Amino acid sequence: MMISAKNSTPNFLWGAATSSHQVEGYNDKNDWWAWEALGKIERGERSGPATDHWNRFRADLKLAADLGLNSYRFSVEWSRLEPQEGCWDAEAFDWYFELIQECEQLGLVPMLTLYHFTLPLWVAEQGGMSSERFPEWFVRFTRKVVERLGSRVSLWCTINEPMVVTVGSYLGKFMPPAVCEPEKARLACYHLLKSHVLAYDLIHRELPKSQSRWSEIPVQVGIAHNVIDFVPDRSWSLIERWLAEQIHQFYNMSWLDAVTGRGQRFSFPLLMAQAPVVAEAQGRVTADYLGINYYTRARVRFTPTLSGLPVDIGFGREGEQVSDVGWPVYPQGFQKLLSIAGKYQLPIYITENGIADHDDDLRPAYLRDHLREIVVARQSGVDVRGYYHWSLLDNFEWVKGFEPRFGLFKVDYTNFERTATRSARLYQEIIAQHRALGGLAQNLGDLEGFLEGLSTGA
Ligand code: GCO
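My aim in this report is to walk through the structure given alongside it, one point at a time. (Residues numbered from 1 in each chain as written. Predicted model: local features only at pLDDT ≥ 70, side-chain atom pairs only at ≥ 80, totals over all residues. Heavy atoms only, no water.)

### Focus: the overall build of the protein
Reasoning step 1: If you tally the helices and strands in the protein, you get 14 helices and eleven strands.
Reasoning step 2: Its C-alpha atoms give the protein a radius of gyration of 21 Å, near enough to 23 Å, the size a compact globule of 458 residues would have.
Reasoning step 3: Projected onto its principal axes, the C-alpha coordinates of the protein cover approximately 65 × 55 × 50 Å.
Reasoning step 4: Put simply, the protein has 458 residues, and 60% of those count as buried.
Reasoning step 5: Taking the intrachain contacts of the protein between residues at least 6 apart in sequence as the baseline, contacts between residues at least 24 apart amount to 74%. (Helix = DSSP H or I, 4+ residues; strand = E, 2+ residues; numbered from the N terminus. Rg over C-alpha atoms; globule rule 2.2 N^0.38 Å. Buried < 20%, exposed > 50% of the residue type's maximum accessible area, 1.4 Å probe, protein only. Contact = heavy atoms within 4.5 Å.)

### Regarding the pairing of strand β9 (residues 384–390)
Reasoning step 1: The buried fraction of β9 amounts to six of the seven residues, a majority that puts the element mostly inside the structure.
Reasoning step 2: Pairing analysis gives five bridges linking strand β1 (residues 13–17) to β9, with the strands arranged parallel. The residue bridging Ala 17 from the neighbouring strand is Trp 390, located in β9.
Reasoning step 3: When strand β8 (residues 348–352) meets β9, the two strands line up parallel, connected through three bridges. Its bridge partner lying in β9, Ile 350 is registered against Tyr 387. (Pairing = 2+ DSSP bridges.)

### Here's the deal with the packing of aromatic side chains
Reasoning step 1: Throughout the structure, instances matching the rule amount to 31 aromatic pairs.
Reasoning step 2: When the centroid spacing of 4.9 Å and the interplanar angle of 85° are considered together, the rings of Trp 95 and Tyr 96 count as edge-to-face.
Reasoning step 3: When its relative accessible area of 8% is taken as the criterion, Trp 95 is described as buried.
Reasoning step 4: The exposure class of Tyr 96 is buried, given its relative accessible area of 0%.
Reasoning step 5: Ring geometry for Tyr 387 against Tyr 427: centres 6.0 Å apart, planes inclined by 80°, an arrangement best described as edge-to-face. With a gap of 40 residues between them, Tyr 387 in strand β9 and Tyr 427 in helix α13 (residues 422–436) connect regions that are remote in the sequence.
Reasoning step 6: When the ring centre of Trp 54 is taken as reference, the NZ or CZ atom of Arg 80 above it lies at 3.6 Å. (Phe/Tyr/Trp six-rings, centres within 6.5 Å; stacked < 30°, edge-to-face > 60°. Lys NZ or Arg CZ within 6 Å of the ring centre and 35° of its normal.)

Structure below.
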């Protein structure tokens, strides 16, 4: 086969991301589905058919490819693939295989996430991430995915936002089982790290090389890690400064440190004792890249109380530009966290970045300004190799239901029609301009002037 320009290995990945439960529909064998049935989602919503991506994936991938994207990040749904312990659903594997094939045909390098917030019910019922058997279950699942789908996949993300899923499930009560039990959070940190490292080793052992059309892209395994720019609510307050720093260390840094062998510091003063050390991860780098998910900044306020933690984490303020879910638009925080992540000297993929913006008013400028921060970070030596916008489509935003709209494409939930937003067109234009500049990652810097002059109509 002749290798055309379109077939050559991309050196900067322009992508969009989704996750199984948020888009596929009828994932009725996982813990979220059961939790939704208990009325836990805002307005009593349930994921139901979600965006009907299960039936429309070909058309959805075509939308992505038509924007000029060259990569697509998605997750495989564990509860479909292993609906009961040890029982594997061949048809579900076939569906993901077709999805990956379709990506290949359309020139989209697949990035596969193994665990994006949902667990099979049988896992959840036996204690989920807090069970000592969790790593064993996760690795068995990983092995099957590698066997059935692995040969076509170079980019692997073991766990999406391990910190968010731990906090949401066992401290903050916004994800099932929605308890506040710091001991379980502590165990979850330990089991998730152990699972990640075992999966990291397994993937590298079983897949020395991918056989996809991009076989020159080395097999790379990492996590997608959510980072937030935590700042003291009142900058003069010593205690708020101290609290913001503690939260930053715990939330932003502990996973980056753990997967780069710099120490495992999963603990929080007065709340969570130190998690046991995962021997397999000690002193070793167990990530080939750092996946960074950045959305916003948060303010940390000291709120003395007789019970619970004396801290409140807030987002937007009066007069500040915020998304539909109240998150401030703050690209400067992205710059700060990129430079922190850059110090680890690993390649970085921005595995998520986006905004809930129903009318697509803020998103064009949000997109431009966050891309500009990447360009600036690269100029100062941070090795960012790709950007995945969250999300390709509007979708089921967890406990907030369908109301927040994160999509480059709007979804009409009455008939599942997709409509391109202005941001989608803008993203397309930026990618085309980058290609026109030679398409090399090195040339990303040349985009700066273009982004600067880009009118977002805001
Ligand atoms: C997340 C998730 C997405 C969310 C997105 C917007 O990683 O939290 O990956 O599932 O929808 O972050 O909140």
